[in-house]
Amino acid sequence: MSQPLYLQLSEQLGYLTWPLFICAFLASLIILERLALMANELLKRDAWLTELRKQTRSATTEQRQQLIAQLSQGHSMLAKGTGLLLSHGDHPRAMREEILNLWLIKQKEKLQSGLKVLHIIGVITPLLGLLGTVLGLIEMFSQLGISDGPVTPSQLATGLGLAMNTTAAGLIIAVPAITMSHLIGLWAEKRCNKMAHALNQLNLWLEGFDQALNIGCEVPCGANAPCLKASNTHASQQQTSSNMTPPMAATLPESN
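This text gives an overview of the structure that appears in the document. These numbers were taken from a predicted model, which means no experiment stands behind them.

Let's talk about the overall build of the protein
Of the regular secondary structure elements, the protein holds nine helices and zero strands. Counting from the amino terminus, helix and strand elements in the protein follow one another as α-α-α-α-α-α-α-α-α. When burial is assessed residue by residue, the protein has 36% of its 256 residues classed as buried. A separation threshold of at least 6 residues defines the contact pool for the protein, and within that pool the share at least 24 residues apart is 75%. Total accessible area computed for the protein in this model is approximately 15200 Å², and 63% of it derives from carbon and sulfur atoms.

Next up, the structure:
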């Protein structure tokens with residue numbers, strides 16, 4: 001009858017079985033939770049923003065109320081941030097910016113939650129593997145020291161096996177942990193930047209800047225979705241829009 005998995009790991013990893021097992025369990029738990037959050041956020045399409053960008057008019061009171069009612073059904077982070085912005089649409093622009101700054105900082109912390117722990121695990125586990133290597137060599141030399149006869153492969157096998165197994169286990173845990181920590185961190189940073197850009201556009205839209213939602217937009221330009229372009233024909237538009245309220249000078253920080 002085969003031995004239980006824990007006993008097999010104990011024989012192969014020695015005293016470092018529990019530390020490596022705990023690191024592997026925590027890393028797996030954090031990675032799965034972060035991937036679930038990413039999937040949940042990516043599956044929620046902000047179709048309302050695409051529809052809103054198809055118009056060229058600034059915000060009206062009726063449109064704001066309709067959009068607030070529509071966003072009450074959405075659960076994406078951008079929808080929640082837009083709902084927060086619209087609910088404070090009557091406040092001065094500076095106050096709205098401060099509210100959104102605080103909200104974005106909180107969302108960034110939420111998206112990056114657990115990544116530091118995952119990175120620490122990726123740093124610790126190779127050191128645990130190195131410690132296992134040292135302990136394995138110590139055990140091997142101890143076996144050789146108490147032996148009076150010739151050195152046999154069986155005397156070397158136990159110590160060298162412990163040394164190699166712990167090193168391999170540490171690297172097996174560390175490589176995915178560090179890789180996923182960086183990849184998820186890059187995604188979180190990109191997501192926060194996109195939300196900050198969209199919220200800056202919406203803030204300008206509330207200020208009466210008609211083309212605010214199309215600044216740097218990624219949707220195709222056309223009759224229903226005009227984008228701002230640097231062209232000769234745009235010079236006349238700039239001249240006619242000079243009497244409009246200028247866009248806010250201070251943008252939301254995207255890397256807090």
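Description of a nonpolar patch on the surface
A grouping of Y15, V123, L127, L130, L131, V134, L135 and I138 is seen on the molecular surface, where their side chains present a nonpolar patch of about 800 Å² in accessible area. Mapped onto the elements, Y15 comes out in the loop between α1 (5–13) and α2 (17–42).

Remarks on the packing of aromatic side chains
Taken as a whole, this structure holds one aromatic pair when the rule is applied. Consider the rings of W18 and F21, whose centres lie 5.7 Å apart with planes at 90°: the pair is edge-to-face. In this pair, W18 and F21 both sit in helix α2, three residues apart, roughly one turn of the helix.

Quick look at the nonpolar core
W48, L111 and M195 are the most contacted members of the largest nonpolar core, which has 42 residues in total. Counting only elements with at least two residues in this core, the list comes to α2, α3 (47–52), α4 (61–71), α5 (77–87), α6 (93–111), α7 (115–145) and α8 (153–206). No other element matches α8, which puts 15 residues into this core. Apart from the residues within four sequence positions on either side, M195 is in contact with M77, L78, W103, L104, Q107 and L111.

Some remarks on the packing of α2 against α7
Orientation of α2 relative to α7, taken along the N-to-C sense of each, is 150°, at an axis distance of 10 Å. In terms of their interaxial angle, α2 and α7 are classed as roughly antiparallel. For the element pair α2 and α7, the recorded crossing hand is left-handed. Here P19, L20, C23, L26, A27, I30, I31 and R34 of α2 lie close against α7, whose contacting residues are L115, V117, L118, I121, T125 and L128. Classifying every residue of the contact of α2 with α7 gives twelve nonpolar, one polar and one charged.

Things to note about the packing of α5 against α6
Put simply, α5 and α6 touch, their axes get as near as 10 Å, and they point 160° apart. Taken together, the axes of α5 and α6 are roughly antiparallel relative to one another. Here α5 and α6 pass one another in a crossing that is right-handed. Contact with α5, carried on its side by M77, K80, G81, L84 and L85, involves R96, I99, L100, W103, Q107, K110 and L111 of α6 and no other residues of that element. A per-class count over the contact of α5 with α6 returns seven nonpolar, two polar and three charged.

Quick look at α4
For α4, the complete set of buried residues consists of Q63, R64, L67 and L71. Take α4 and look down its axis: the buried residues cluster within an arc of 100°, on one side only. Exposed positions of α4 whose direction lies more than 90 degrees from the buried face are T61, E62 and Q66.

Thoughts on the pattern of salt bridges
A complete count under the given rule lists four salt bridges for this structure. Notably, a salt bridge pairs E41 with R191, separated by 2.6 Å at the nearest N-O pair. One end of the pair, E41, is in helix α2; the other, R191, is in helix α8, with 150 residues separating them in the sequence. Each of the two residues, E41 as well as R191, counts as buried. Residues K108 and E189 are paired through a salt bridge, measuring 3.3 Å at the closest nitrogen-oxygen approach. Highlighted residues: K108 in helix α6 and E189 in helix α8, separated in sequence by 81 residues.

Let's talk about the side chain of T82
Here T82 shows up in helix α5. With a relative accessible area of 0%, T82 lands in the buried category. With near-sequence residues (within four places) excluded, T82 lies in contact with W48, L71, L199 and L202.

Let's talk about the side chain of S76
Position of S76 among the secondary structure elements: in the loop between α4 and α5. Polar contacts involving the side chain of S76 include one to the main-chain amide nitrogen of A79, which spans 3.2 Å. Not counting chain neighbours up to four residues away, the residues in contact with S76 comprise E41, K44 and D46.

Rules used throughout
- Residues numbered from 1 in each chain as written.
- Predicted model: local features only at pLDDT ≥ 70, side-chain atom pairs only at ≥ 80, totals over all residues.
- Heavy atoms only, no water.
- Helix = DSSP H or I, 4+ residues; strand = E, 2+ residues; numbered from the N terminus.
- Buried < 20%, exposed > 50% of the residue type's maximum accessible area, 1.4 Å probe, protein only.
- Contact = heavy atoms within 4.5 Å.
- Areas by Shrake-Rupley, 256 points an atom, 1.4 Å probe, with all protein chains shown as cover.
- Patch = residues over 30% accessible without salt bridge, like charges linked within 9 Å, V, L, I, M, F, W, Y side chains within 5 Å.
- Salt bridge = Lys/Arg side-chain N within 4 Å of Asp/Glu carboxyl O.
- Phe/Tyr/Trp six-rings, centres within 6.5 Å; stacked < 30°, edge-to-face > 60°.
- Core = buried A, V, L, I, M, F, W, Y, C linked by side-chain atoms within 4.5 Å.
- Axes fitted to C-alpha atoms, helices over the stretch in contact; angles between N-to-C directions.
- Parallel < 35°, antiparallel > 145°, perpendicular 65-115°, else oblique.
- Left-handed = near helix turned anticlockwise from the far one by under 90°.
- Nonpolar A, V, L, I, M, F, W, Y, C, P; charged D, E, K, R; others polar.
- Arc of directions from axis to C-beta.
- Polar contact = N/O pair within 3.5 Å; in protein donor to acceptor, adjacent residues only side chain to side chain.

In short, the description is geometric, and any link to function would need to be established separately.
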